[in-house]
Amino acid sequence: MATHLLFQPLSLKPLNLSAPFSATTTTKLRVETRRRRPARQVAAASAKNYQVTIEHEGKSTTLEVGEDESILERALDEGLEVPHDCKLGVCMTCPARLVTGEVDQSGGMLSDDVVERGYALLCASYPRSDCHIRTIPEEELLSLQLVTSAE
């Protein structure tokens, strides 16, 4: 999923291109990001889809997630309001416990021992089987990650 930037001048007056450039000359821009969500394409015969059940705030939702998309990406596309921030596997804002199943989260920043204990980051988790995942408070994962990294 790509993020596109849109730059739009805040002022409608035209720029004077013949005026000398000055380090103090400024142009105010409004910057907004737009998340483009491509239409879901028919999966190629070799790509696998898995059933991923996400427990969040007492509600269980089952999604079909392709092996090449993160669980967070699919959850957001389906309208689930799960906690997230960077979507890169570093901020630890989308923590979860893997109840059953297997995910590839080699792109995330969790230590190996934390992953072995069943913790995951939704943004860095790609299903490798049908899964059941439960979101958890960020503090639970942060305290565990800090303790294991100090050992």
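Above this note sits the structure.
Residues numbered from 1 in each chain as written. Predicted model: local features only at pLDDT ≥ 70, side-chain atom pairs only at ≥ 80, totals over all residues. Heavy atoms only, no water.

Visitor: Teacher, can you tell me more about the nonpolar core here?
Guide: General note: in soluble globular proteins, nonpolar side chains tend to be found buried as a group. Ranked by internal contacts, the top residues of the largest apolar core, which has 26 residues, are I71, L121, L122, I133 and L141. Among the elements of the structure, β3 (49–56), β4 (59–66), α1 (71–77), β7 (119–121), β9 (131–135) and α3 (138–150) are those that each provide at least two residues to this core. (Core = buried A, V, L, I, M, F, W, Y, C linked by side-chain atoms within 4.5 Å. Buried < 20%, exposed > 50% of the residue type's maximum accessible area, 1.4 Å probe, protein only. Helix = DSSP H or I, 4+ residues; strand = E, 2+ residues; numbered from the N terminus.)

Visitor: Would you explain the packing of aromatic side chains in this entry?
Guide: One pair of aromatic rings is described through two measures. These are the centre distance and the angle between the planes. Inspection of the entire model under this criterion finds 0 aromatic pairs. The ring of Y119 has R97 lying over it, and the distance from NZ or CZ to the ring centre is 4.2 Å. (Phe/Tyr/Trp six-rings, centres within 6.5 Å; stacked < 30°, edge-to-face > 60°. Lys NZ or Arg CZ within 6 Å of the ring centre and 35° of its normal.)

Visitor: Teacher, can you tell me more about the state of the cysteines here?
Guide: Cysteine pairs can be covalently joined through their sulfur atoms, and such a bond is termed a disulfide. Applying the stated criterion across every chain, the model contains 0 disulfides. No disulfide involves C86; its sulfur sits 3.5 Å from that of C91, the nearest cysteine. (Disulfide = S-S within 2.5 Å.)

Visitor: Explain the sheet that holds strand β5 (residues 95–100) to me, please; I cannot follow it from the model alone.
Guide: Read from one edge of the open sheet, 5 strands run β4-β3-β9-β5-β7, paired in mixed fashion. Only two strands of the sheet have a single partner each, and these edge strands are β4 and β7. The sheet shows a mean angle of 35 degrees between the axes of neighbouring strands, taken without regard to direction. As defined by bridge partners, β5 adjoins β7 across 3 bridges and the pair is classed as antiparallel. Its bridge partner lying in β7, P95 is registered against L121. (Pairing = 2+ DSSP bridges. Axes fitted to C-alpha atoms, helices over the stretch in contact; angles between N-to-C directions.)

Visitor: Is there a simple way to explain the pattern of salt bridges in this structure?
Guide: Opposite charge on two side chains allows them to pair when their charged atoms are near. Per the stated rule, a full pass over the model turns up 4 salt bridges. Notably, a salt bridge pairs R134 with E55, separated by 3.3 Å at the nearest N-O pair. Here the residue R134 occupies a position in strand β9, and E55 occupies one in strand β3, the gap between them amounting to 79 residues. Residue classification places R134 among the partly exposed positions, given a relative accessible area of 36%. (Salt bridge = Lys/Arg side-chain N within 4 Å of Asp/Glu carboxyl O.)

Visitor: Is there a simple way to explain unusual backbone geometry in this structure?
Guide: As a rule of thumb, non-glycine residues mostly have phi less than zero, and peptide bonds are mostly trans rather than cis. Unlike most non-glycine residues, E57 shows phi in positive territory, near 50 degrees. Tracing the chain through its elements places E57 in the loop between β3 and β4. The class for E57 is exposed, based on a relative accessible area of 72%. Positioned with a positive phi, M92 is a non-glycine residue whose angle comes to about 65 degrees. With respect to the helices and strands, M92 occurs in the loop between α1 and β5.

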